[in-house]
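Understanding the architecture of this molecule
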Amino acid sequence: MKSTALKRRRSGSSRKETNKRMKGSLATHLSVQLGQITFKPPLPQINTDSSRFQTLLDEVSNDALESTPSTSSFPSATVLDFDADVNVDEKDFILSQDFFCTPDYITPDVPPLPVTVGFNKLEELSCPKSPEKIKSVRSKRQREAALLELEDDLPVETGTENQAATEPHINKQGYVSQSAVALRCRVMPPPCMKNPYIKDASENDVDPFGDRRSKCAVFFPAALGGDGLSRYRTDFHEIEQIGTGNFSRVFKVLKRIDGCMYAVKCSTRKLYQDTERQKALMEVQALAALGYHVNIVGYNTSWFENEQLYIQMELCDHNISINHSSRPCAEGEVLEAMHQIAKALQFIHEKGIVHLDVKPENIYVKNGIYKLGDFGCASLLDGSLPIEEGDARYMPQEILNDNHDHLDKVDIFSLGATIYEIIRGSTLPDSGPYFQNLREGKLPLLPGHSMQFQNILKAMLDPDPVRRPSAKELAGNPIFNRPHRTFKTK
Ligand SMILES: Nc1ncnc2c1ncn2[C@@H]1O[C@H](COP(=O)(O)OP(=O)(O)OP(=O)(O)O)[C@@H](O)[C@H]1O
Ligand SMILES: [Mg+2]
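Residues numbered from 1 in each chain as written. Chains lettered and ligands numbered in written order. Predicted model: local features only at pLDDT ≥ 70, side-chain atom pairs only at ≥ 80, totals over all residues. Heavy atoms only, no water.

1. Describing helix H10 (residues 274-290)
In an α-helix, one full turn covers 3.6 residues, which means residues spaced three or four apart are oriented alike. Compared with an ideal rise of 1.5 Å per residue, which puts 17 residues at 24 Å, H10 spans 24 Å between its outermost C-alpha atoms and is within 8% of the ideal. Within H10, the axis deviates most sharply at methionine 282, by approximately 30°. All of the buried residues in H10 are Glu283, Val284, Ala286, Leu287 and Leu290. Those residues of H10 that are buried lie in contact with strand S6 (261-267), strand S7 (299-305), strand S8 (308-313), helix H11 (331-350) and strand S10 (353-354). (Helix = DSSP H or I, 4+ residues; strand = E, 2+ residues; numbered from the N terminus. Expected span 1.5 Å × (residues − 1). Bend = angle between axes of the 7 residues up to and from the residue. Buried < 20%, exposed > 50% of the residue type's maximum accessible area, 1.4 Å probe, protein only. Contact = heavy atoms within 4.5 Å.)

This is how it looks when you write it as structure tokens:
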């Protein structure tokens, strides 16, 4: 553990040597004596490449120097010495807070308590008295020494050493300051675990620490939640962005604790108002209320962070918009998609919920299974919730006229329009004569396709919602007994 820690510190020397140097330094270097406090003298200059982490900490320290009056009324944090090997004199304190952050940034209002979670040994121990804070002299070198000590304490990249991320060592006085714990959590997210139950682990074979920038990603205050920690950064390792909608971005992520891949959808706009938040929440409330169905994207959890809504869900391969299809789809393929989404609609309509935004971008495919996603417009069939229709290209005339009598049939029309678009291989317009013709039931013939299939489409796109089949009727249509194939990707 220690050797790896030193490797990370990029110094060629061993820890013992460093300790020796430190002890030697204690004797030879200038100790800044201020009243009863002796600052640990700076370590000899170690040739380090500058990291963003260090730059950030420097900036924070500089801010602290500028903004904190020298006779601060804040209680001084006592030393946190994670390095049990270093024999530091009892009087050798580093006011870690002074070095790393402004006092009100992470200093608890109350005197620091012994850390209880995960540190049972500490429960009984009382806090030592903080030293009187005296006007302090701080230099860049002192900050550098402090940073080196912090680097020692950072969790390292191999299995057992990752324990360091959650178990700071106890200093001689048996006390771990909360600010140090908070700082540690903030600097390093927990490691990613491998999931042994996943057979094809190649997909998960990413090294989240390969890129040094990722180590510091959580330090950006803009990414933090109200408690100063980013749940997204702490719980997930972001792999890549996989989708963009009008209101959100969707990322493929690795969940650190279970080693599985998920999709996390994050709202792009900040939701400051309660009303905005409540509206955004309707999507997750609908998903949660629905529960599991194989043809509905699986919902895991959601949370607010940094005024944005995050939704963790099942990861799918891609949506079925024509951009994802290598060629015009065969009838059998679209029938398979239609059948599966009809079953999803039957499921949600039976629960009294309507989707109201069925379209190719909101139907995903995963291992040949089609899944209805994006419940951002979901509402109740009985009209007791506000109605916000989805993409106009797939909306029937009645909802555009604010007639909400047959909301379930809105979804049927949208599914018909979706299938029609996919089979033709070109996007539907959102206005104009072609748009209008479609809403009047004037459907051009689809050459090369069976009349049975075209009749079903015509019925789904009927201008009269009552004449459209229900989701149950659609799902039970004998046409789906034919063998189908699934979409091919590029
Ligand atoms: N669970 C998922 N797995 C894989 N890709 C997904 C997932 N969820 C969303 N995506 C991708 O992200 C895109 C945008 O997601 P989504 O439609 O939920 O966002 P939105 O902002 O609500 O969109 P809209 O503009 O339709 O309102 C989808 O079209 C899809 O390609
Ligand atoms: Mg969408």
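2. Points about the coordination of the magnesium ion (ligand 2)
In the first shell of the magnesium ion (ligand 2), the protein supplies Asn362 (OD1) and Asp374 (OD), at 2.1 to 2.2 Å from the metal. In this pair, asparagine 362 sits in the loop between S10 and strand S11 (363-366) while aspartate 374 sits in the loop between strand S12 (369-372) and strand S13 (379-380), placing the two residues 12 residues apart along the sequence. (Donors = N, O, S within 2.8 Å, 3.2 Å for Na, K, Ca; no water.)

3. Quick notes on the site of ligand 1
Lining the immediate surroundings of ligand 1 are 22 residues, of which Asn246, Ser248, Lys265, Glu314 and Glu361 lie closest. Contacts to ligand 1 include asparagine 246, whose backbone N or O atom sits 2.6 Å from an oxygen atom. At a separation of 3.0 Å, an oxygen atom of ligand 1 approaches a polar side-chain atom of aspartate 374. Considered on its own, ligand 1 offers 620 Å² of accessible surface; in the complex 93% of this is hidden by protein. For the shell around ligand 1, the secondary structure elements donating two or more residues are strand S4 (236-244), strand S5 (248-255) and S6. Among the elements that take part in the shell around ligand 1, S4 stands out by supplying three residues, more than any other. (Near = heavy atom within 4 Å. Polar contact = N/O pair within 3.5 Å; in protein donor to acceptor, adjacent residues only side chain to side chain. Areas by Shrake-Rupley, 256 points an atom, 1.4 Å probe, with all protein chains shown as cover.)

4. A look at the side chain of aspartate 462
Within the element layout of this structure, aspartate 462 appears in the loop between helix H15 (451-460) and helix H16 (471-475). Taking the relative accessible area as the measure of exposure, aspartate 462 reaches 12% and is therefore buried. Setting aside chain neighbours within four positions, we find aspartate 462 in contact with Phe413, Arg467 and Arg468.

5. Here's the deal with the nonpolar core
Counting 57 residues, the largest nonpolar core has Met338, Leu415 and Phe453 as the members making the most contacts within it. It is H11 that provides the largest number of residues to this core, a total of 10 residues. Those residues in contact with methionine 338, other than ones at most four positions away along the chain, are Leu415, Ile419, Phe453, Ile456, Leu457, Met460, Leu474 and Phe480. Of all hydrophobic cores here, the second largest spans 10 residues; its members include Tyr232, Phe236, Phe251 and Tyr310. (Core = buried A, V, L, I, M, F, W, Y, C linked by side-chain atoms within 4.5 Å.)

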